[in-house]
Each structure stands twice: as C-alpha cells, then as structure tokens.
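Structure at a glance
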Amino acid sequence: MKRRAGASEKKEAKKQKLLEELGESWLPYLTPRDAEFHQLWKTRYSKLFLRKADKIPQELHHIVQEAFLTLQKHDCFFQDLVRIKGKDFLTPVSRILIGNPGCTYKYLNTRLFTVPWPMEDYEIKYCHPELFAACKALIKLNDYLNVEAVQALQEQNLSETRETENTAVTDREQDISTFIKGSLLEVQSSLYTPRNDCTSLKYRTSYNLTLLNYMDPLQMPYLKQEPYFGMGNMAVSWHHDENLIERSTVAVYNYSCEGSACDKDNEQYVEGRDPADWHVGLKVAWDIKTPGLAIPLHPGDCYFMLDDLNMTHQHCVLAGFEPRFSSTHRVAEVEFEWLRQFWFQGKRYRKCTDWWFEPMAKLEEFWKKMEFMTSLVLCEVGKGERTMEQRNEIISCFLPLLTERQELRKEWTARCQCQLAMSLPEEQKPKCHPLWKDDDPSMPLPYDLEEVIANLQTLLE
Ligand code: DGR
Ligand code: NI
C-alpha cells in the first residue's frame, strides 16, 4: 500500500515537471487531416482497432441506441463521487454498469455493481419491462463485440500471449530441432495450441460487463483542457483502465448524437482536431517523442483496445458539441471491498432492479459474524490465560488488521461527509453503512476502534 502511494507521487511529480517544461508549447498530435496519420496509427498504435458504423448490422445499432435512450429516460445514469489521490471529485460523465449478475467494477476507488443483463439460469426482476429490453440489447452488443474482438486479435496474430525473447521457442531453434529430433516436434507444437487458461484469447475477450457513459457537454461547461497536446475539452482525462484482466481487450461502442452534417467546408485549413466531434485520444505512456493520436468517432463507430494497448498507452475522451453515449465492454477482475462501496452509492441501485439487496444482506450477516469473532479474539487476549509470548504473537498478527479496518472506516466516514456528498440529491446521497453508536447493544465492538487499538498497543509494550 505504502509503496504504491510513493510510486503514484513520483508519477505525479514527473507529470508536473513535464508540464512545466512544456510551458506554453504543445506536443504534436495527428488527426485524419494529417498525411502521416495512417502511417503513425499503423506503426505506433496498431493495437487500436476501429470498426466503422457502416460495417455493423443496422438492427444492432437500432436496439443499442434505443437502449441508451431508455436508460436515460429512466434516469439510470449517475455521476460518480470518485476519489483520486485522496481528493473527492464528481465525474462530469454519468455512468451505469450492466453485466453478469454479481459482477462489479472498481474504477477511481469507486466500485460499481452491475445491473444484471438477462442470462440463462438467472431470474432477474426489472423495475420496468423497458429496462429488461435495454439490458437484453446490451448483452447482444456484448456478444457481437466479443466475436469482433476475437476476429481482430486473430487477424493481428495476437490470439496467444507471445512470450518472445524469454521462454518461447524461436524459429531458428525450431528449425534445428526439426532436423535433429522428430519427436521433439510434438512437445513444441503443444506450446502453440491454444490453452483454455488465463492466457487464451477467449478468456481475454469474454466481457463480463459494460460500463456505460453519458455526457452532454452543454450541461458541463467547465471541462478540463487536454494539457499535453492542446486537444481541447476532455470528458475523461488521460488514464489507463484499471482492474481489468491482464491483456484483455476493451471494446467501445460510441453513440454521439450528431446533428445533421453541418458546414465543414473549411476543415482542411484548420489545425488540430474538430472540436465539434467526439474523439478518442491516444498517447504512448512515458513517451514525448511519438506524436499523439486523436481519432474521430461518429455515431455507431466501435473501437477496440487490443492486447496490451491499455498498458503501453494511455487514452482520453475528447468531448464534441453534442451529447454522447458509450458502452465500454470489459473483462473485469474479481475483488473485495463491497459493503461500504455499495451503500456509498445511495439508493441508485433501486432504479433498475432489486437484485443486489439479497446478496448485500447476506454479506452484512457475514461481516457481523466477523465483528463478533474480532471481539472474541480481543476477549481471549484480555483474559491473560496465555504466556506473554503467545499473547504478543496474537496481538502482532491482529493489530495491523485492526489498524487497517480503522483507517478504512475513517476514510469512508470522510468520503460520506465531504461537501460534494452533501450537495447530492437525496436519492444519491452516500449512506455510511454499516455505522453504529457505541451504546448499540447489538454490536460487540465500537465503530471507532481507536481505543481498542491503543489498548492493544499498551499490552505489547
Ligand atoms: O470512449 C469512451 O467512452 C471511453 C471511456 C473510458 O476510457 N473509460 N475509462 C474508464 O472508465 C476508466 C477510468 C479510469 C480507470 N479505469 C477505467
Ligand atoms: Ni478508459
């Protein structure tokens, strides 16, 4: 934990230094208006794959775009109260997570919980039949993007994780062995057959959820300016996507609600990207020599971040003039830290379905058991029936866990009470839960563990 914080501080300092050095000047970036655009894409950004709208079935466009509008009509999109480097921010983009029942996705210290899409063997109640239809459309899109991603990876020969340099057998070595020992061939070919484990391509494109985004730039007049290249208004700043399965593909369906084609006559004489259009911006991480790339996105266009692109490069979303939806399909990692995250998001999950309330109640039961077990351990330690050595061993194991618990409780109490949290409308107001008073007879330990921790520390001395 400590080391990570240190690393992120160093990163931040490096970023600040670069920005200072840049001063008033900007780094170069290319758009389709530049002659070298396609060359740069092919050489330095080849793992960014674009599928234009006209190559995608019209019927799919129809149901997906309808789904976006339905979800918006039912007020299912919410701005998230995220925490970046210890500070609270309300994202300009509103979001909703849809996916496999029981899946979650954590980004910027905020865990979102899926509104389940319909799947066999699950009975899911939706608050409205239109919401069922919307979720069904998104799983259809998911299936389509999965197939397209597999195909794109195969075409780029990225379907297997290549462990070049180190462990894989090189062509030359294989030639030699072909000469010498026929029997070796069998063993080696097995190295190249797809394995059905975490390195195989199926696993890295089997999206378990999609994070949907919505933003109307007119309602967000204070967008951040892109700082390195002068690309203009950003809806999402430069970042790597977090908490994804390594080398998994991210697939994005873009629906910018473009009006009628307006006057773009003078386009070829203007520098930089068209501020009216939405773009995805890309840059190579920690590299200021390679020019950036801004790829315009038109309604229905899809882009894919294949293989390790998300690790080697950063991306951002550049705002256009019109409102825009996107559906970003991912293979999310499974993690912990659910209860406080869930209640922090207020009552928003009631909007679409009641699916999460049962598992959350179950989880709270287990959590309460853990609270009781904690108090039993503390009792044991207090009894003084053990040797000093045994007691100290228990305390040394236990103290760091209690301290972490206390730190997290403090952080979540603060997040729930911050100014921005207070300013949210009632149904979105964070709920700090579980939370109880010292005199609550149903709880064995206080919420604030400061004293408990101090007591243990004195016992150790
Ligand atoms: O085209 C798009 O709408 C792209 C959206 C996008 O880049 N989302 N990224 C994230 O949601 C995100 C941000 C920070 C960490 N992990 C994921
Ligand atoms: Ni992203």
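Presented here is an overview of the structure given in this document. Everything numeric here is computed off the predicted structure, so don't read it as measured data. (Residues numbered from 1 in each chain as written. Chains lettered and ligands numbered in written order. Predicted model: local features only at pLDDT ≥ 70, side-chain atom pairs only at ≥ 80, totals over all residues. Heavy atoms only, no water.)

1. Notes on the site of ligand 1
Rule in force here: The rule for a residue being near a molecule or strand is that one of its heavy atoms must lie within 4 Å of it. As used in this structure description, the phrase polar contact means that two N or O atoms lie within 3.5 Å; if the pair is within protein, one of them must be able to donate a hydrogen and the other to accept it, and residues adjacent in sequence are counted only when both atoms belong to side chains. Here the open area of atoms and residues is found with the Shrake-Rupley method and a 1.4 Å probe, where only the protein chains shown may cover a residue. Elements are defined by DSSP. Helices are runs of H or I of four residues or more, strands are runs of E of two residues or more, and each kind is numbered from the N terminus. Residues were grouped as follows: Ala, Val, Leu, Ile, Met, Phe, Trp, Tyr, Cys and Pro as nonpolar; Asp, Glu, Lys and Arg as charged; and all remaining residues, including Gly, as polar.
Close to ligand 1 lie 15 residues; His239, Glu242, Tyr303, Arg324 and Ser326 are nearest. Contact distances for ligand 1 include 3.0 Å between a nitrogen atom and a backbone N or O atom of glutamate 242. Surface burial for ligand 1 is 97%, taken as the share of its 430 Å² of free accessible area covered by protein chains. Elements supplying a minimum of two residues to the shell around ligand 1: β5 (104–107), β8 (209–215), β15 (313–318) and β16 (324–330). The element contributing the most residues to the shell around ligand 1 is β16, with three residues. Of the residues belonging to the shell around ligand 1, the class tally is six nonpolar, five polar and four charged.

2. Details of the pairing of strand β10 (residues 233–239)
Worth spelling out the cut-off: Two strands make a pair as long as DSSP finds a minimum of two bridges between them.
Of the strand pairs in this sheet, strand β9 (residues 224–225) and β10 are connected by two bridges, and their pairing is antiparallel. Residue glutamine 225 lies in a different strand from β10, and its bridge partner there is asparagine 233. Here β10 pairs with β15 via three bridges, running antiparallel. When the sheet's bridge partners are listed, valine 236 is paired in β15 with valine 317.

3. Details of the sheet that holds strand β1 (residues 29–30)
Strand order in this open sheet of six strands is β1-β13-β12-β15-β10-β9, and the pairing throughout is mixed. Every other strand in the sheet has two partners, leaving β1 and β9 as the edge strands with one partner each. Where strand β12 (residues 278–284) and β15 come together, six bridges link them in antiparallel fashion. Residue pairing for β15: lysine 283 is matched across the bridge by glutamine 314.

4. Brief notes about the coordination of the nickel ion (ligand 2)
Note the cut-off: Metal donors: N, O and S atoms at distances within 2.8 Å, or within 3.2 Å for Na, K and Ca, with water omitted from the atom set so that some sites may seem incomplete. Just to be clear on the cut-offs, tetrahedral is four donors with all angles between 85 and 135 degrees, square planar is four donors and octahedral six with opposite donors over 155 degrees apart and all others between 65 and 115, and anything else goes down as irregular. The buried label applies to any residue whose accessible area, calculated with a 1.4 Å probe on protein chains only, is under 20% of its type's maximum; exposed applies above 50%, and partly exposed to all values in between.
Looking at the metal site, the nickel ion (ligand 2) is ligated by His239 (NE2), Asp241 (OD) and His315 (NE2), spaced 2.0 to 2.1 Å from it. Of note is the nickel ion (ligand 2), whose six donor atoms meet at the metal with angles of 29 to 170° in an arrangement that counts as irregular. All donors of the nickel ion (ligand 2) belong to a single chain; written as a sequence motif, their spacing is H-x1-D-x73-H. Here aspartate 241, found in the loop between β10 and β11 (250–256), pairs with histidine 315, found in strand β15; they are 74 residues apart in sequence, far enough to count as distant. An identical accessibility class is assigned to aspartate 241 and histidine 315; each is buried.

Don't take any of this as a statement about function, it's just geometry.
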